[in-house]
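Per-entry structural report
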Amino acid sequence: MSTTSFSVDLRDLHFVLFDQLAAHEQLAAIPRFAELDREVYEATLAEGERLAREVLAPINAPGDLAGCSFDGQGNVTTPKGYREAWEVLREGGWLAPSAPSELGGSGLPFTIHVSLSEMLCGACMAFMMYAGLTVGAARVILGHGPEGTREMIARKMFTGEWGGTMCLTEAGAGSSVGDNRCRATPTDEPGVYLLEGEKIFISGGDQDLTDNIVHLVLARTPNAGKGTKGLSLFMVPKYEFDAGGALGARNGAKVLRIEEKMGIHGSSTCVLGLGGDLPCRGVLLGQENQGIELMFLMMNEARIGVAVQGHAMAAAAYNYARGYAQERIQGQSIREARSQDAPSVAIVQHPDVRRMLMTQKVYAEAMRSLLLRMALVVDREHATEDPAERERLRGRIDLLTPILKATCTDLGFEVAVGAVQVYGGYGYIGEYPVEQLVRDVKICSIYEGTNGIQAMDLVGRKLRIGGGALFIEWMQEAQSRLAAAAEAGLGGPAEAIGKAVQLLAASAMHLAGLGKARKVEAAMIQAVPFTRMFGLVLLAIECVEQALVAARLRQTRGDEPLLIGKQRNLEFFVAAILPQAIALGKSIQSNDESALDPSLFV
Amino acid sequence: MKILVCVKRIPDPDESLKFAGGGLDYSASKWVPNAFDEYAIETALRLAEVVGGTQRLAEVIVLGIGPESQRQQLTQFLAMGADRGIIVDADPDKLDTATVSKLIAAVFKKEAADLLIAGKLSQDNEGGQVPQRVAGLLDVPQASFAATVEWDQAAKALTVGREVDDGVEVKRVPLPAVVSVDLRIVLPKSVKNGSTPATHAYQEGPRLASLKGITMAKRKPVAVLKPSDLGVAVGTNEQVVGVAAPPARKAGQKVKTVEELFEKLTKEAKVI
Ligand SMILES: Cc1cc2nc3c(=O)[nH]c(=O)nc-3n(C[C@H](O)[C@H](O)[C@H](O)COP(=O)(O)OP(=O)(O)OC[C@H]3O[C@@H](n4cnc5c(N)ncnc54)[C@H](O)[C@@H]3O)c2cc1C
C-alpha cells in the first residue's frame, strides 16, 4: 500500500454485513430483495470499491485545489473530471443504488447503499454530495410531486439526467428554519406560485453535471402563520419542462454567488436568488403549510447520510494513516533506546503511533458496524407490513438518528485530525491526502442540523416521546445483548459497558428531572455531552458484539488478523474510551451551571 | 459469431505473499480475476457490442475452470456484459497447463466457437502457454500478445496488431482463431468491430460493471461441466518441489569516490 493511495476496508465490510449482521439473510426475507444474495452484494461491493479507487479518488485532490468556478451569470463550473465521473456513475446506475429499479434506480437495499456510500464518499465526498442531494430531492418528489409527472421527474433525477437541491437556509434562518422569510404568492394556475427571496449555502445550487436542476424550496404563503408550521414546500426547476420532460424557458431561480470555504471545494455552495431578474415559478408539493412535515419525511435518511459521510472520512483517514505509518522510517525502537547503532524503524513501531492508530481503528470499525445496523433497521422499516413492527422500528430510527449524526461526524473529524498527527508535518502539507479530509469532514457536524441541534432534538424531543419509551426499549435491548455477551464469555467487558448503560439511564433521568423542575437551560447545557455519551455507549456495544462474532469465527477460520483485531478493539475501547463515557455521565449529573452566568461572554 | 473468453481466479497480485509449510499460504488471500483476462473480456465485449445501439454482433461466453462454488470472477465477467458462462468443475491445483489447454479446446469445439480470446498470461505463475497450446490442439490460426484487433465481418477475419521486440507486426487471421491479448488492447481505440464507428474512443481499461449488470448477472445461464463430460482426463505432469521467498537482499557497499566505483564495477562486478 502506498502512502497516498485511497483504500477501502472491504474485508471489514464483509465481516460486518455477512458475519456479524447476516444482512444477506435478513434482507432475503424482504420480498423486494428476495432475488438478491450474498454473491450479488459481494460483487456490488467489489465493483464499488473499484469505482471509488479508479474513478473518484483521482478527482478528489485536484477538485479540492481547483474548486468550483462561477461566471457571474448564474452558471457554476465544477472541477475538471467531475463531469466525466458523473457520466461513469450515471451509466453504471451508481447514483441512486437504492432507488426503485422501475424508476431508474438500482433497486438495492439501503444497507448496500450505505456500504457503497462509505467507499464513494471516502474517495470524494464533495463530488458525492451532488448525488446525495439529487436522490434525496427525488424521493420527496416521488412521494409528493405533481401527479402525472412525479415519476418522470424522479426517474430523470435517479438516473442523474437532472440534479436536485434542498433549499432551507436563509441568512436569517439557519438552525431556526422557522424564521424562513421567502415568500410564495399563488398565481391563477392551480398549484403554481411565484417565489421571491434569497436562499444561501445551497449545495449544488448550480453545476454543469446535469441538464436541469430541481430545487426544493421552503417558503411562506401569504396568510401563513409564523414558525415552521407556516412553511410550504415548492418544486422550483432551473428550466421549465413539459409533461414529457422536454426543457423549456429558464426559470427565475438563479445563483448570485458561490462561497469560498474551508473544504469540499468541489461542491458548489450557492446563494440562490428567487425571482430576481425573472419571475420564479414553483409548484406546491403536498398542501400549503405542510412543508416542514414533508422535509421531515426524508430528514432521518438525510441525517444518516451525513453520519455516513463522517464515518467514510474517518475510514479513509485511518487507512491512509495506517499505510503511512508502515512506510515512514523515523527513530529507533524504544526497546533499543540505549544502542547507538540500532536501525531506524517505521513509525508504526512506536507505542504512541500505535495508540493513535488503535483509536482510529476502533472508531472507524465500530461506527461502520453501528451505521450498517441502523441501515438494516431502515430497510426493515420500509419493508414491513405490520403496523406495530413499523412503529417500533421507526421509533428506534427516530431515537438513534441524532446520536449517529452527531457522533459519527464529530468522530469523523477527530479521526481525520488524528491521521494528520500520525503523518506529522507531512499531514499538514497539501501534498498528502489527510489535511483535505480534515477540512472536508468539518462541514458534517454543521449542516443537516448542527450537532448542537441534534443534541437538543435527542434530549428535548426523542427522550421525551412516550415518557421515555423509546429510550427504555433501547435500554432493555442493550441489556439483553450485553447479557448474551456475558454468557458467551465476555463477562468482564459486558459488565463494564452495562455500568455505562446504567449511568446513561441515570443521566437521562437527571436531565428529565431538570426539565420537570423547569431548569431547561441547565438541562440543555448537557445535551451535547449526553449525546456524546450515548454515542460512545452505542459504539461500545458494537465492539462487544463484534468481539463475540470474531471469537466464534476464530474456531473455524483460525487467528486471522481481522478477528484478533476485534478482540483487541473491545479491550481497547473498554480500557481507554469507555471511561470517557463514565466521566461524561458524572459531569452531566454535576448540576454545574457556570456557563449560564449572565456576566460571562459580554 | 461466438466468442469464448477464459477467466482465471488468482490471489491479488497487489498483496504480499505469505509462505507456510514450504509453499504459498493462500488462506487469507483476496481472489481477483487475472488482469489479462479482464482485458480479454473487454476486447470481446467491444467486438460484440455496437456502441449507441442494442444490437449484438456476437455471443460472449465466459469459461472458468475451477470449483463450482468459486465462481465470483466468472460472475463478475457476466456482470460486465458477457451473455452466459461455463464452469468446468475441477481442482485447478491438480491441473497442469496441458490439461487446462485440453479442457479449453474441448469447450471451444463443443460450443463450435469462432474465436477464443485469452489473456497473454496469468499473473500468478506467468506461464504464458495456454492460448498457444489451445490453438495447436484446435489446429486453428493464432495471434498472440494482441495490442489491436480489427474485425472484418464480411471476410470473417481479424487483423491483429502484435507488439513484438522490433515493432508492430500486423497479422491477418481467418476465423476460427485464437487471440491472446496484451495490456494495450484496452486503450481507447484498440478494438474495432466494423459496426461501431471507427472513431469511437472507449473508456480506457476494462469496463466497470453497472449495478444493473451485477444484479442481472445472477440470472444469466451458467452451465457446469465435468472434465469427463469433455472427454478430458484430469491430472498433471507438473510437480511443485518447493516454494520459498527469494533471499533477502544483502546490504550494499558505500564507495567514497567515482574512481572506486569504477574500479569495483570493472574488477569485482565485471559489468563494464
Ligand atoms: C458548505 C455548506 C453547505 C450547506 N448546504 C446546505 C444546503 O444544501 N441546503 C440548505 O438549506 N442549507 C445548507 N447549508 C446550511 C446549513 O445547514 C446551516 O449552516 C446550518 O443549519 C447552521 O445554520 P447557520 O449557519 O445559520 O448557523 P446558526 O443557526 O447561526 O448557528 C450558529 C451556532 O449556534 C447554535 N445554535 C443555533 N440555534 C440554536 C439553538 N436554538 N439552541 C442551541 N444552539 C443553537 C448552532 O448549533 C451553532 O453552533 C450548508 C452550509 C454550508 C456551510
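Residues numbered from 1 in each chain as written. Chains lettered and ligands numbered in written order. Predicted model: local features only at pLDDT ≥ 70, side-chain atom pairs only at ≥ 80, totals over all residues.

With that out of the way, let us pick up the overall build of chain B. When helices and strands are tallied, chain B shows six helices and 14 strands. If one aligns the C-alpha atoms of chain B with their principal axes, the spans along those axes are about 70 × 45 × 40 Å. Long-range pairs, those at least 24 residues apart, make up 67% of the contacts in chain B between residues at least 6 apart in sequence. (Helix = DSSP H or I, 4+ residues; strand = E, 2+ residues; numbered from the N terminus. Contact = placed C-beta atoms within 7 Å.)

This part takes up the interface of chain A and chain B. Taken residue by residue, the interface counts 19 residues in chain A and 14 residues in chain B. If one sorts the elements of the side of chain A that touches chain B by residue count, helix α3 (residues 38-66) of chain A sits on top with eight residues. Split by residue class, the side of chain A that touches chain B holds eight nonpolar, five polar and six charged. (Nonpolar A, V, L, I, M, F, W, Y, C, P; charged D, E, K, R; others polar.)

Now for the site of the ligand. Around the ligand sit 20 residues, and of these L168, G174, S175, T450 and G452 of chain A come closest. In terms of residue class, the shell around the ligand is made up of 10 nonpolar, nine polar and one charged. (Near = placed C-beta within 6 Å.)

What follows concerns the domain arrangement of chain A. Residue and element names in this part refer to chain A. You can read the domains of chain A as domain 1 (10-296), domain 2 (298-331 + 343-449) and domain 3 (467-594). For domain 1 versus domain 3, the distance between C-alpha centres works out to 35 Å. With five residues of domain 1 in contact, the opposing surface of domain 3 contributes five residues. Taken together, the residues of the side of domain 1 that touches domain 3 sort by class into one nonpolar, one polar and three charged. (Domains from an automatic or database assignment.)

All names here are of chain B. For helix α2 (residues 72-80), the tally of buried residues reaches eight of nine residues, placing the bulk of the element in the interior. Those residues of α2 that sit buried are Q73, L74, T75, Q76, F77, L78, A79 and M80. Of the residues one or two after α2, G81 is the one with positive phi, at around 145°. (Buried ≥ 20, exposed ≤ 12 C-beta atoms within 10 Å, placed from the backbone.)

All names here are of chain A. With five of its six residues buried, strand β12 (residues 280-285) lies for the most part within the structure. With four bridges connecting them, strand β5 (residues 192-203) and β12 associate as antiparallel partners. Paired with V192 across the two strands is V283, which belongs to β12. Relative to β12, strand β7 (residues 231-237) runs antiparallel, the two being bridged by three bridges. (Pairing = 2+ DSSP bridges.)

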